[in-house]
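# Fold and geometry: a report
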Amino acid sequence: MIPIEVLTMAGGAAMGGLFKFMDQAQKNKQAQMEMMMKDRQQRHEHKLADRESASKSADAAAARVGNDPFAKMTRRIFVLSMVAMGAWAMVAGLTGLDIVVPVTTQVGGSYLFGIIDTTKTVTEYLRFENAVVEFEWLKISLLAAGSFYLGKS
């Protein structure tokens, strides 16, 4: 039989080893948390620096433009003309206007390895009654003018 002192020593050694592992795990966890906190702090400082840089850039842009009355009036005329063109294009279908669109097609063909060529280009005009034309440039211009004007007001 094993004496009680040896069992006590073995139990004490096992518990000491277990506590040592637990202590090392806590130290590793603490080091990991410190690294995470440093990383988070660096990201926060980076975001603050970005915000400060963006604010300085916006302030510099605002200082460059100034408050020239001629520039304000030009901006207003430009935006109002874009809005008027957009309104006209959107309600043009309600006025009963017909839109005529040219469509070019090729008819005929090429025979005997291109020796006989009967192709010709025909232009047809298609009429759309009470149609609304959607201009891609108009949408882009309205968005640009509106965002520019609202950004400056």
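Refer to the structure presented above.
Fair warning: this is a prediction, and the values are worked out from it, not measured in the lab.

This paragraph deals with the pattern of salt bridges. In the structure shown here, the tally under the stated rule is 3 salt bridges. In this structure, the salt-bridge partner of K27 is D23, at a minimum N-O distance of 3.6 Å. Within this pair, K27 and its partner D23 are both found in helix α1 (residues 4-65), separated by 4 residues, close to a single helical turn. Taking relative accessible area as the criterion, D23 reaches 40% and is therefore assigned partly exposed. Among the salt bridges present, the one from R43 reaches D39, with a minimum N-O distance of 3.4 Å. Within this pair, R43 and its partner D39 are both found in helix α1, separated by 4 residues, close to a single helical turn. Relative accessible area serves as the criterion here: at 56%, R43 is assigned to the exposed category.

Reading the values: rules and limits
- Residues numbered from 1 in each chain as written.
- Predicted model: local features only at pLDDT ≥ 70, side-chain atom pairs only at ≥ 80, totals over all residues.
- Heavy atoms only, no water.
- Salt bridge = Lys/Arg side-chain N within 4 Å of Asp/Glu carboxyl O.
- Helix = DSSP H or I, 4+ residues; strand = E, 2+ residues; numbered from the N terminus.
- Buried < 20%, exposed > 50% of the residue type's maximum accessible area, 1.4 Å probe, protein only.

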